[in-house]
Amino acid sequence: MIDAQKIRQEFPILDQEVNDEPLVYLDNAATTQKPRAVLQSLNRYYERDNANVHRGVHTLAERATAEFEAARQKVQKFINANEAAEVLFTRGTTTSLNWVARSYGDAFVKEGDEIVISYMEHHSNIIPWQQLAKRKKAVLKYIEITEEGFLDMTSAKEQITDKTAIVSIAHVSNVLGVINRVAKLAELAHQHGAVMVVDGAQSVPHMPVDVQAINADFYCFSGHKMCGPTGIGILYGKRQWLDQMEPVEFGGEMIDFVHLQDSTWKELPWKFEAGTPNIGDAIALGSAVDYLSELGLENIHNYEAELVAYVLPRLQEIGGLTIFGPQNPQEHTGVIAFNLDGVHPHDLATALDMEGVAVRAGHHCAQPLLNYLNVPATARASFYFYNTKNDADRLVEAIMAAKEFFANGAI
Ligand SMILES: Cc1ncc(COP(=O)(O)O)c(C=O)c1O
């Protein structure tokens, strides 16, 4: 069970006023707040154990290395990877996706091959594939979205063919609030000899994820969206592929032997991690994994579903408010994008901020999706396990107040 009131005490940042109102933080899809356990882990590392990893023989270096590699093992267990060597530390989802496009893409994609993504992808899961398609003279194709805001599986079956080399899809949309059937898409991809890449930026923080059950070839996510620090993320890849792939970056830490004209690489996972890694943040990500595991991802998922079941009908009652994605709360995650008739989303978000309610406004790094929906921008509230029904009420009240304000202002 999630006791959000109790949990909030572990997040110091939530206990503050913004514009003379208690803060309601509803921008969790952009980044989440950090519990004391994660902040302390970062502090403890720098105060006690800071040293470079893998190359020192002194005690601090051994401690730092042990903690760094322990964090990798925690992540391995968290996503049920087959082995820790399949878990690579990166800077975040964006870097992870770029590495797959650069390394796997450059090695295996040929001229005329097809790369299949969807209209609901984040720019981070579009541009690396555009660039790969340009380098390789490959073709980038898009799966359609249904009227209700789901990924259209009929379109998926049409787009994924024997020409497909890569399918790359978000597990959870950062705008529409839908969970995509990535295991089914992986099955389709594999039937056609393609690999399945999953953008897990919005899924791993909110629900149990088992990369083997999905049968993903690659799975990418960010630490900062799951209570961890910025600047650290994960690329999971099946050994079968990682063994055959070349590193994207070269330098210290990732080499075995360096000769004058050539060099050899370390084994997995280190061959991909050139230079001094982000040790402190990786260790703190391990603490975030401990923290989330303690709460239980199933519990987090159920609690967020409860919040959505509470807030979505209340939002639907507000006249002139358009909510994007499925209208059934059982089919909608805690990411809720909306627009108020006649009010620009930026003005709406500013009005909400005046009430202490933090939401995002803009294209949410999903311009092709917003073009597809025919809207230039939306506002977006995104919930996490430390949000409460009171937060939901405050959001609804703030939107009603903004509606009143802009209606009167227009008179
Ligand atoms: C679905 C999705 N993919 C990728 C990203 C990029 O994540 P990052 O900026 O942490 O690399 C985000 C971030 O908002 C996202 O929501």
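**Concerning the overall build of the protein**
The secondary structure content of the protein amounts to 14 helices and 17 strands. The C-alpha atoms of the protein give 22 Å as radius of gyration, which agrees with the globular expectation for 411 residues (22 Å, within 12%). Counting across all 411 residues of the protein, residues that qualify as buried make up 57%. A separation threshold of at least 6 residues defines the contact pool for the protein, and within that pool the share at least 24 residues apart is 70%. Carbon and sulfur atoms make up 49% of the accessible area of the protein, which amounts to about 17,600 Å² in all. Computed over 34 positive and 53 negative side-chain charges, the inter-centroid distance for the protein is 5 Å.

**What about the site of the ligand?**
If you check the shell around the ligand, you find A29, T93, T94, H122, S124, N174, D199, A201, Q202, S222, H224 and K225 and nothing else. Here an oxygen atom of the ligand sits 3.4 Å away from a polar atom, N or O, in the main chain of T93. Here an oxygen atom of the ligand and a side-chain polar atom of K225 are 2.6 Å apart. The fraction of the free accessible surface of the ligand (400 Å²) that becomes covered by protein chains is 85%.

**A look at the pattern of salt bridges**
Tallied over the entire structure, the rule returns 16 salt bridges. The shortest N-O distance in the salt bridge between E69 and R72 comes to 2.7 Å. Here the residue E69 and the residue R72 both occupy positions in helix α3 (residues 59–79), the gap between them amounting to three residues, near one helical turn. Among the residues examined, E69 registers a relative accessible area of 15% and is labelled buried. The partner of D113 in a salt bridge is K110, and the shortest N-O contact between them spans 3.7 Å.

**Describing the packing of helix α4 (residues 93–108) against helix α5 (residues 127–136)**
Where α4 contacts α5, the axes come no closer than 9 Å and their chain directions differ by 20°. Relative to α5, α4 is oriented roughly parallel. Here the hand of the crossing between α4 and α5 comes out right-handed. Side by side, α4 and α5 meet where L97, N98, V100, A101, R102, G105 and D106 of the first sit next to P128, W129, L132, R135 and K136 of the second. Across the contact of α4 with α5, the residue classes tally to six nonpolar, two polar and four charged.

**Examining the sheet that holds strand β4 (residues 87–90)**
Overall, mixed pairing links the seven strands, which are arranged β4-β10-β9-β8-β7-β5-β6 in an open sheet. Single-partner strands in this sheet number two, and they are β4 and β6 (139–143). Strand-to-strand twist across the sheet, computed as the mean angle between neighbouring axes with direction ignored, equals 20°. In terms of strand pairing, strand β5 (residues 114–118) meets β6 through five bridges, oriented parallel. Paired with V116 across the two strands is K141, which belongs to β6.

**Topic: the packing of helix α2 (residues 36–49) against helix α10 (residues 279–295)**
At a minimum axis distance of 8 Å, the contact between α2 and α10 shows a crossing angle of 145°. α2 and α10 meet at a crossing whose hand is right-handed. For the pair formed by α2 and α10, the contact residues are A37, V38, S41, L42, Y45 and Y46 on the first element and I279, G280, D281, I283, A284, S287, A288 and Y291 on the second. Tallied by class, residues from the contact of α2 with α10 come to 10 nonpolar, three polar and one charged.

**Structural notes on the side chain of K225**
Tracing the sequence through the fold places K225 in the loop between β9 (218–222) and β10 (233–237). One buried charged side chain, K225, makes no salt bridge at all; its nearest oppositely charged neighbour is D27, positioned 8.0 Å away. Within the local environment of K225, its side chain forms a polar contact with the backbone oxygen of A29, the two atoms lying 2.8 Å apart. Looking at K225, its side chain comes within polar contact range of the main-chain oxygen of A30, at 3.0 Å. Residues contacting K225, with those up to four places away along its chain left out, are A29, A30, T32, A201, Q202, P205 and Y384.

**A few points about the side chain of N174**
With respect to the secondary-structure elements, N174 resides in the loop between β7 (164–170) and α7 (182–191). N174 sits in the buried class, given a relative accessible area of 7%. Here H364 takes part through its backbone oxygen, which lies 3.0 Å from a polar atom of the side chain of N174.

The rules behind each value
Residues numbered from 1 in each chain as written. Predicted model: local features only at pLDDT ≥ 70, side-chain atom pairs only at ≥ 80, totals over all residues. Heavy atoms only, no water. Helix = DSSP H or I, 4+ residues; strand = E, 2+ residues; numbered from the N terminus. Rg over C-alpha atoms; globule rule 2.2 N^0.38 Å. Buried < 20%, exposed > 50% of the residue type's maximum accessible area, 1.4 Å probe, protein only. Contact = heavy atoms within 4.5 Å. Areas by Shrake-Rupley, 256 points an atom, 1.4 Å probe, with all protein chains shown as cover. Lys, Arg positive; Asp, Glu negative; His and termini not counted. Charge placed at Lys NZ, Arg CZ, Asp CG, Glu CD. Near = heavy atom within 4 Å. Polar contact = N/O pair within 3.5 Å; in protein donor to acceptor, adjacent residues only side chain to side chain. Salt bridge = Lys/Arg side-chain N within 4 Å of Asp/Glu carboxyl O. Axes fitted to C-alpha atoms, helices over the stretch in contact; angles between N-to-C directions. Parallel < 35°, antiparallel > 145°, perpendicular 65-115°, else oblique. Left-handed = near helix turned anticlockwise from the far one by under 90°. Nonpolar A, V, L, I, M, F, W, Y, C, P; charged D, E, K, R; others polar. Pairing = 2+ DSSP bridges.

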